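Observations on the three-dimensional arrangement
Next come the chains, spelled out residue by residue.
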Amino acid sequence: MVLASSLVLMSALLAVVLLLSRSIVRPIRDMIGATGDMVRGNYDRRVAPSGIRELDDLGGAVNNLAQQLKIQLSTLNYQAFHDSLTGLPNRALFMDRLEQALTRALRHGKLTGVLLLDLDNFKLINDSMGHLAGDRLLVAVSERMRACVRPEDTVARLGGDEFTFLLEDLDDLSAAVRVAERVSEELRNPLFLDGHEVFAAASIGIAISPPDSQNLPEDLLRNADIALYKAKGEGKAHYVVYDAKMYPQAWERLRAEAEMRRAIGEGQFRVHYQPKVDLHTGGIVGFEALVRWEHPERGMIPPLEFIPLAEDTGLIVPIGEWVLREACHQACRWREQHPSFADPPLTISVNLSVRQLRQKDLTQRIARILHETGLAPEGLSLEITESVLMEDAEGAIATFGSLKDLGVGLEIDDFGTGYSSLSYLKRFPADYLKVDKSFVDGLGEDAEDTAIVSATISMAHALGLKVIAEGVETAGQLARLRELGCDTGQGYYFSRLLLAGAAGELLRSAVPR
Ligand code: C2E
Ligand code: MG
Ligand code: MG
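We now turn to the structure provided with this report. (Residues numbered from 1 in each chain as written. Chains lettered and ligands numbered in written order. Predicted model: local features only at pLDDT ≥ 70, side-chain atom pairs only at ≥ 80, totals over all residues. Heavy atoms only, no water.)

**So, the overall build of the protein**
For clarity, the cut-off: Every helix listed is a DSSP run of H or I at least four residues long, and every strand listed is a run of E at least two residues long, numbered separately from the N terminus. Only C-alpha atoms enter the radius of gyration, while the globule expectation follows 2.2 Å times N to the 0.38, with N the number of residues. Only protein chains enter the area calculation, which uses a 1.4 Å probe; residues under 20% of their type maximum are buried, those over 50% are exposed, and those in between are partly exposed. Charge convention: Lys and Arg are scored as positive, Asp and Glu as negative, and His as well as the terminal groups of each chain are ignored. Where a charge sits is defined by one atom per residue type, namely NZ (Lys), CZ (Arg), CG (Asp) or CD (Glu).
A count of helices and strands for the protein gives 19 helices and 16 strands. Taken over the C-alpha trace, the protein has a radius of gyration of 35 Å; the compact-globule value for 513 residues is 24 Å, which it surpasses by more than 25%. When its C-alpha atoms are laid out on the principal axes, the protein stretches across 140 × 60 × 50 Å. Expressed as a percentage of the 513 residues in the protein, the buried residues total 45%. Here the protein carries 54 positive and 72 negative side-chain charges, and the mean point of each set is 6 Å from the other.

Structure follows, in structure tokens:
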């Protein structure tokens, strides 16, 4: 009897344990399933309530984790494919959409268009008004661009001030051209930044993929880039449609750029020197450093043949800095070797490119070069062409101010060719005006040229500037310049361009003034 009742009791207990364990195991299995799903990237499964408080707390934590992960991953996903400033798709998303668009176009027999757009003066605005203003400009421009296309088209920011449009289902080229015209028109309206009116004109390259072609997304973007480059070269603020004939030109440019990079690495550039002569005493007062490229096959290449490409690619910055360092080093040696040229001390003049002038840390870079080469600041003079100065006169005035504080000399080169306004001229803290060779050529023969040189000298002197005439070739020109009171001269009449050794010889044999 006792045995039977114990057996019943044990069975009842077992039944209770079994029942309890099932209600515990089910929610635990549920949780294992939900975490397994999370590992596989599915965050939608939720653990159901079990009625057991402790287990429900745990299940709630698992559900919460899944929810948080879902939100954070979708944010990360968005960030990976969008530009954080403008919210536009980024390069990765653009390329993905372009690839899909090209596949669809192949099926439906339609055209796909890519527009690549680059703002013409973004760097100038960014440098002069600051990065915050630059950012606001990019946001405003991106909003205007979005308004120019259909909702199904993609406008993306590739980086910097480069934007791209993906136009799908086009019937013909003119549809893409119309978008380019609309965008250009839209950007012609001024924007207001910090109370300033700003014009954000853009150049646009257009490339179309014909329906039957198997263009890769990279090919189409490259073609748009080639067309954009052409648009920039043709004077900016307009669009150019890619044409297969452009490819060899673009390729040639890439080849030339690679060659120039190699030339920098291999030290193929040389500095030549041309003396500057005091017109009152006839003594040498300094030299201008002029760069040459000693090409292994093409021989000596003059600067006008390679500086435009160097400017375009930005390679002028390392080249210009190399010239600066080399010239300062040389000037320092001449100062040591020829102490008789101490009063006034010999100066070395170096040409600065527009790219260098726009560097925010230009003054610090020059100070570092002076420090490294041991040249005193007054031993260096920088030549900047008038047209470069006038491109951004306010910025140039500020840069000139800090260079002046450093103690280096400043010259306005090619004066007379760059439409200076007199009010600006007054504000440039320059030391010299360099009268352009084209006016010196006509001295004594052409009445207008003579009048221009005469007026320039009087005006410069009245503003407290000295005058140097460049390209003096004849005794007649020299005589006229002396009569007109010009201070300094430079040109083949005095000396051709010399290598450092020959320039040193000239100093040895010359009389200091
Ligand atoms: P620039 O600074 O106005 O230099 C004067 C140019 O006139 C030089 O041409 C010089 O060789 C030439 N020249 C001097 N005297 C005479 C003369 O009596 N008759 C004639 N016909 N020409 C004379 P180059 O060396 O071909 O340089 C051309 C331009 O290239 C320079 O004009 C300057 O703007 C630029 N450049 C030269 N070297 C550098 C450099 O290191 N950096 C930068 N950024 N530009 C440079
Ligand atoms: Mg010069
Ligand atoms: Mg010049």
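**As for the coordination of the magnesium ion (ligand 3)**
For a metal bound by four donors in a tetrahedral arrangement, the ideal donor-metal-donor angle is 109.5 degrees, while six donors in an octahedral arrangement ideally sit at 90 or 180 degrees. Put simply, the test is: For Na, K and Ca the donor cut-off is 3.2 Å, and for all other metals it is 2.8 Å, counting N, O and S atoms only; because water is absent from this set, sites may look incomplete.
At 2.0 to 2.6 Å from the magnesium ion (ligand 3) lie its protein donor atoms, namely Asp413 (OD), Asp414 (OD), Glu470 (OE) and Glu470 (OE). Here the donor residues for the magnesium ion (ligand 3) map to a single chain with the spacing D-D-x55-E. Taken as a pair, the magnesium ion (ligand 3) and the magnesium ion (ligand 2) show a spacing of 4.2 Å, with Asp413 coordinating each metal. The exposure class assigned to Asp413 is buried, which follows from its relative accessible area of 4%. Taking the relative accessible area as the measure of exposure, Asp414 reaches 23% and is therefore partly exposed.

**A look at the environment of Glu483**
Along the chain, Glu483 turns up in helix α18 (residues 475–483). With a relative accessible area of 59%, Glu483 lands in the exposed category. Taking the C-alpha atoms as reference, Glu483 lies 9.5 Å from Ser454; in sequence the two are 29 residues apart.

**Here we look at the environment of Arg136**
To be explicit about the condition: Contacts are residue-level and defined by heavy atoms, with any inter-residue pair within 4.5 Å sufficient.
Its place among the elements puts Arg136 in helix α5 (residues 131–146). Separated by 155 residues in sequence, Arg136 and Val291 place their C-alpha atoms 40 Å apart. Ignoring any residue separated from it by four or fewer positions in sequence, one finds Arg136 in contact with Leu193 and Asp194.

**Some words on the coordination of the magnesium ion (ligand 2)**
Bound to the magnesium ion (ligand 2) are the protein donor atoms Glu288 (OE), Asn351 (OD1), Glu383 (OE) and Asp413 (OD), situated 2.0 to 2.3 Å from the metal. Motif for the magnesium ion (ligand 2), donor spacing along one chain: E-x62-N-x31-E-x29-D. Of the residues examined, Glu383 reaches a relative accessible area of 1% and is grouped as buried.

**A closer look at the packing of aromatic side chains**
The line we're drawing: Aromatic rings from Phe, Tyr and Trp, taking only the six-membered ring of Trp, are treated as a pair when their centres fall within 6.5 Å; an angle between ring planes under 30 degrees marks them as stacked, one over 60 as edge-to-face, and anything in between as tilted.
In this structure the tally under the stated criterion is 8 aromatic pairs. Measuring from ring centre to ring centre gives 5.4 Å for Phe269 and Trp293, while their planes differ by 35°; the resulting arrangement is tilted. Placement of the pair is Phe269 in strand β8 (residues 269–278) and Trp293 in strand β9 (residues 284–295), with a sequence separation of 24 residues. Owing to a relative accessible area of 4%, Phe269 belongs among the buried residues under this scheme. With 5.0 Å between their ring centres and 75° between their planes, Tyr273 and Trp334 make a pair best called edge-to-face.

**Quick word on the pattern of salt bridges**
This is how it is decided: When a carboxyl oxygen of Asp or Glu is within 4 Å of a side-chain nitrogen of Lys or Arg, the pair counts as a salt bridge.
Tallied over the full model, the rule gives 35 salt bridges. Between Arg261 and Glu257 there is a salt bridge whose closest N-O contact spans 2.9 Å. Within this pair, Arg261 and its partner Glu257 are both found in helix α8 (residues 246–265), separated by 4 residues, close to a single helical turn. Looking at Arg261, the relative accessible area reads 47%, which means it is partly exposed. Notably, a salt bridge pairs Lys276 with Glu411, separated by 2.8 Å at the nearest N-O pair. With a gap of 135 residues between them, Lys276 in strand β8 and Glu411 in strand β13 (residues 409–415) connect regions that are remote in the sequence. A single burial state applies to Lys276 and to Glu411, both of which are buried. Where salt bridges share partners, they join Lys276, Glu288, Glu383, Glu411 and Lys434 into one cluster.

**As for α18**
What counts here: Throughout, the arc means the angular range of directions from the helix axis out to the C-beta atoms.
Three or more residues of α18 are buried, namely Gln477, Leu478 and Leu481. Looking down the long axis of α18, one finds its buried residues gathered within 100° of arc, a one-sided arrangement. Those residues of α18 that are buried are in contact with α16 (437–441), α17 (447–462) and β15 (466–470). Among the residues trailing α18, Gly485 stands out with phi positive, at a value near 85°.

**Focus on the side chain of Ser353**
Summarising the element assignment, Ser353 is placed in the loop between β11 (347–351) and α11 (354–357). The residues contacting Ser353, other than those within four sequence positions of it, are Glu311 and Ile316.

**So, the nonpolar core**
Which entries qualify depends on this criterion: Among the buried residues, those of types Ala, Val, Leu, Ile, Met, Phe, Trp, Tyr and Cys that are joined through side-chain atoms within 4.5 Å form a nonpolar core.
Ranked by internal contacts, the top residues of the largest apolar core, which has 73 residues, are Met260, Tyr273, Ile348, Leu380, Leu382 and Ile384. With 10 residues, helix α10 (residues 316–337) is the largest single contributor of residues to this core. Of all hydrophobic cores here, the second largest spans 34 residues; its members include Ala140, Phe163, Val177 and Ile206.

**Some words on the packing of helix α7 (residues 217–233) against α8**
Rules: A fitted line through C-alpha atoms represents every axis, and for helices the fit uses only the stretch in contact; the resulting angles, taken between N-to-C directions, go from 0 to 180 degrees. Any angle that is under 35 degrees is reported as roughly parallel, and any over 145 degrees as roughly antiparallel; angles of 65 to 115 degrees are reported as roughly perpendicular and all others as oblique. Basically, the charged four are Asp, Glu, Lys and Arg, the nonpolar ten are Ala, Val, Leu, Ile, Met, Phe, Trp, Tyr, Cys and Pro, and anything else, Gly included, counts as polar.
Closest axis-to-axis distance for the α7/α8 pair is 10 Å, and the angle between their directions is 80°. Classed by the angle they form, the pair α7 and α8 counts as roughly perpendicular. Each of Arg222, Ile226, Ala227, Tyr229 and Lys230 in α7 lies in contact with α8, whose residues at this interface are Met246, Tyr247, Gln249, Ala250 and Arg253. Residue composition of the contact of α7 with α8, by class: 6 nonpolar, 1 polar and 3 charged.

**A word on the pairing of strand β3 (residues 162–170)**
Inclusion rule: Strand pairing is defined by DSSP finding a minimum of two bridges between the two strands.
Burial analysis of β3 places 7 of its 9 residues in the buried class, which makes it a mostly covered element. The pairing of strand β1 (residues 111–119) with β3 spans 7 bridges and is classified as antiparallel. Looking at β3, one finds that Leu115 is bridged to Phe165. Linking strand β2 (residues 154–159) back to β3 in an antiparallel pair, the connection comprises 2 residues, with Gly160 at a positive phi of about 55°.

**Side note on the packing of α10 against helix α12 (residues 362–373)**
Condition: With the far helix as reference, a near helix turned anticlockwise by less than a right angle produces a left-handed crossing, and one turned clockwise produces a right-handed crossing.
One way to put it is that α10 packs onto α12 with a least axis distance of 9 Å and a crossing angle of 35°. You can see that α10 and α12 cross each other, and the crossing is right-handed. Counted together, Glu321, Leu324, Arg325, Cys328, His329 and Cys332 of α10 and Arg365, Ile366, Ile369, Leu370, Glu372 and Thr373 of α12 form the full contact between these two elements.

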